[in-house]
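Working through the structure, step by step
One-letter residues, chain by chain:
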Amino acid sequence: MTSDKQAPLDIAVGILVDDAGRVLIARRRAGTPGAGLWEFPGGKREGDEPMRDCLARELAEEIGVSDCRLDTPLIRFTHTKGERPVRLHVWRIDHWQGEPRGLEGQELAWAERDSLADYTLLPATDVILCALDLPSRYAITPALSAAEPHRWWARLERLLEQPHTRLLRLRDQGLDDAAYQALAAQVVEAAHQHDVAVLVDRSLSLCRAVGADGLHWPVARLLETGRPQLEPGGLLAVSAHTRSDLAAAAERGADFAVLSPVAATPTHPGAQALGWDGWVAARADHALPVYALGGLGEADLTTAHRHNAQGVAAIRAFWPGEH
Ligand SMILES: Nc1nc2c([nH]c(=O)n2[C@H]2C[C@H](O)[C@@H](COP(=O)(O)OP(=O)(O)OP(=O)(O)O)O2)c(=O)[nH]1
């Protein structure tokens, strides 16, 4: 076996999103691998062309659109679910010129996000969809048990009111299960009024009891018990600290991970900071969205995206100050 045989093919993929929030999918033609399945438009890199150029070329050739605005890459990951390993470089595209049409005879469809389940998509598309659905900011609460309750609640309300807040983890390791569950029930109720999804720590039964949107576990717990039976659409997030944690998380079916610490933080004294170089080496191209955590905030979002992060997770940086 030569190593060349195993080298992944680089593929550029574009997710065109129209003003109604629908996404463009294309049906693979007869005679190609995965014929009949639906995919996002894109294709193989030619020579050593930059991946952005590859995507612009593929979209022009396949669907006749030009001037695609490629601001921020959505995700880059490798998977081995097809005939050979591929590394997908995926962009979300909200602006382009021209009306997409199937120039190679392929069928196209504009699909509502919720109706994508009706199409048989290529394997590993679930990773792309998860990245598409997840926000750039993953807010984590400081412990209520270490704070004055009315102040904590006032800040939580302010956080929930901010339009950027879409996903929250309730973290309070100082509470016993009963107290944590009582708090989680209240937090989920408050968050859902603002359309903010809440992930809770601890057990599947607690998650169900409080109507949370999923669980956030240490990766070791996923390894011990396997992926819990969440409701359809429920999210399983894991905390990871190493490259092998992430490999295990992707392998065992976590929807996304948080990889930390990028920098040292007062909440985790003594934890060895990865720095961005260490973070990128550990993140690698594992097949799941990964947030960067540890001493980061709003100002680090662009850097995080550039390093193949879904975005930034933070406790202090997103927790509103007192006014
Ligand atoms: N376009 C696209 N390809 C994907 C996705 N997910 C995924 O695993 N792939 C894989 C399938 C194929 O093995 C590979 C794309 O190869 P391709 O054969 O379509 O590339 P191409 O358009 O350059 O093809 P060609 O006719 O020039 O050979 O990437 C996806 O969402 N979109």
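Bear in mind that the values here come from a model prediction, so they are computed numbers and not experimental data.

Thresholds, definitions, all that
Counting from 1, residues in each chain are numbered in the order their sequence is written. A pLDDT threshold of at least 70 governs which residues receive local features in this predicted model, and a stricter bar of 80 or more applies before side-chain atom pairs are shown or counted, although totals over entire chains, interfaces and linings include all residues. When DSSP finds two or more bridges between a pair of strands, those strands are recorded as paired. Helix and strand definitions follow DSSP, with helices as H or I runs of at least four residues and strands as E runs of at least two, each counted in order from the N terminus. By convention here, the domain bounds are inherited from an automatic or database domain assignment. A pair of residues counts as a contact when their C-beta atoms, built from backbone coordinates, are within 7 Å of each other. Residues are sorted three ways: Asp, Glu, Lys and Arg are charged, Ala, Val, Leu, Ile, Met, Phe, Trp, Tyr, Cys and Pro are nonpolar, and all the rest, Gly among them, are polar. Using the backbone to place each C-beta atom, any residue with that atom within 6 Å of a molecule or strand is considered near it. Comment: burial labels come from other C-beta atoms within 10 Å of the residue's own C-beta, placed from the backbone, where a count of 20 or more is buried, 12 or fewer is exposed, and between is partly exposed. Seen with the strands pointing away from the viewer, any crossover whose path from the first strand over the helix to the second strand runs clockwise is right-handed. UniProt positions are given in the numbering used here, feature names are shortened, and annotations may be inferred rather than shown by experiment. As used here, the arc belongs to the directions running from the helix axis to the C-beta atoms.

An order of S3-S2-S7 is seen for the 3 strands of this open sheet, with the pairing classed as antiparallel. Every interior strand has two partners, whereas the edge strands, strand S3 (38-39) and strand S7 (108-111), have only one. With 4 bridges connecting them, strand S2 (residues 23-27) and S7 associate as antiparallel partners. From the neighbouring strand, Ile-25 faces S7, where its bridge partner is Ala-109.

This next bit is on the domain arrangement of the protein. How large an interface is tends to be reported as the accessible area lost when its parts come together. Looking at the assigned domains, one finds that the protein contains domain 1 (3-124) and domain 2 (134-314). Between domain 1 and domain 2, the contact holds 9 residues from the first and 6 residues from the second. In terms of residue count, strand S5 (residues 73-79) provides more of the side of domain 1 that touches domain 2 than any other element does, 6 residues in total. Grouping the constituent residues of the side of domain 1 that touches domain 2 by class yields 4 nonpolar, 3 polar and 2 charged.

A few words now on the site of the ligand. Taken together, 17 residues surround the ligand, and among them Glu-39, Phe-40, Gly-42, Gly-43 and Lys-44 come closest. Those elements that provide at least two residues to the shell around the ligand are strand S1 (9-16), strand S4 (42-44) and strand S6 (86-93). The element best represented in the shell around the ligand is S4, accounting for 3 residues. Its residues assigned to classes, the shell around the ligand shows 9 nonpolar, 6 polar and 2 charged.

This brings us to the pairing of strand S13 (residues 256-259). Every regular strand shows the same layout, with side chains that alternate between the two sheet faces. Both faces of S13 are covered, namely the face carrying Phe-256 and Val-258 and the face carrying Ala-257 and Leu-259. Of the strand pairs in this sheet, strand S12 (residues 235-240) and S13 are connected by 4 bridges, and their pairing is parallel. Opposite Ser-239, over in S13, you have Val-258 as the bridge partner. Regarding topology, helix H8 (residues 243-251) serves as the crossover connection from S12 to the parallel S13, and that connection is right-handed. Where S13 and strand S14 (residues 290-293) come together, 3 bridges link them in parallel fashion. Residue Val-258 lies in a different strand from S14, and its bridge partner there is Tyr-291. Taken together, S13, helix H9 (residues 275-283) and S14 form a β-α-β motif whose crossover is right-handed.

What follows covers the environment of Glu-231. Positionally, Glu-231 belongs in the loop between helix H7 (219-225) and S12. Judged by C-beta crowding, with 11 C-beta atoms within 10 Å, Glu-231 ranks as exposed.

Under the UniProt annotation, "domain: Nudix hydrolase" (unreviewed entry) lies at residues 8-135. Between the first and last C-alpha atoms of residues 8-135 the distance is 28 Å; the span itself is 17% helix and 29% strand.

Three or more residues of H8 are buried, namely Asp-245, Leu-246, Ala-249 and Ala-250. Looking down the long axis of H8, one finds its buried residues gathered within 130 degrees of arc, a one-sided arrangement. The secondary structure elements touched by the buried residues of H8 are H7, S12, S13, H9 and S14. One or two positions beyond H8, positive phi appears at Gly-253, with a value near 95 degrees.

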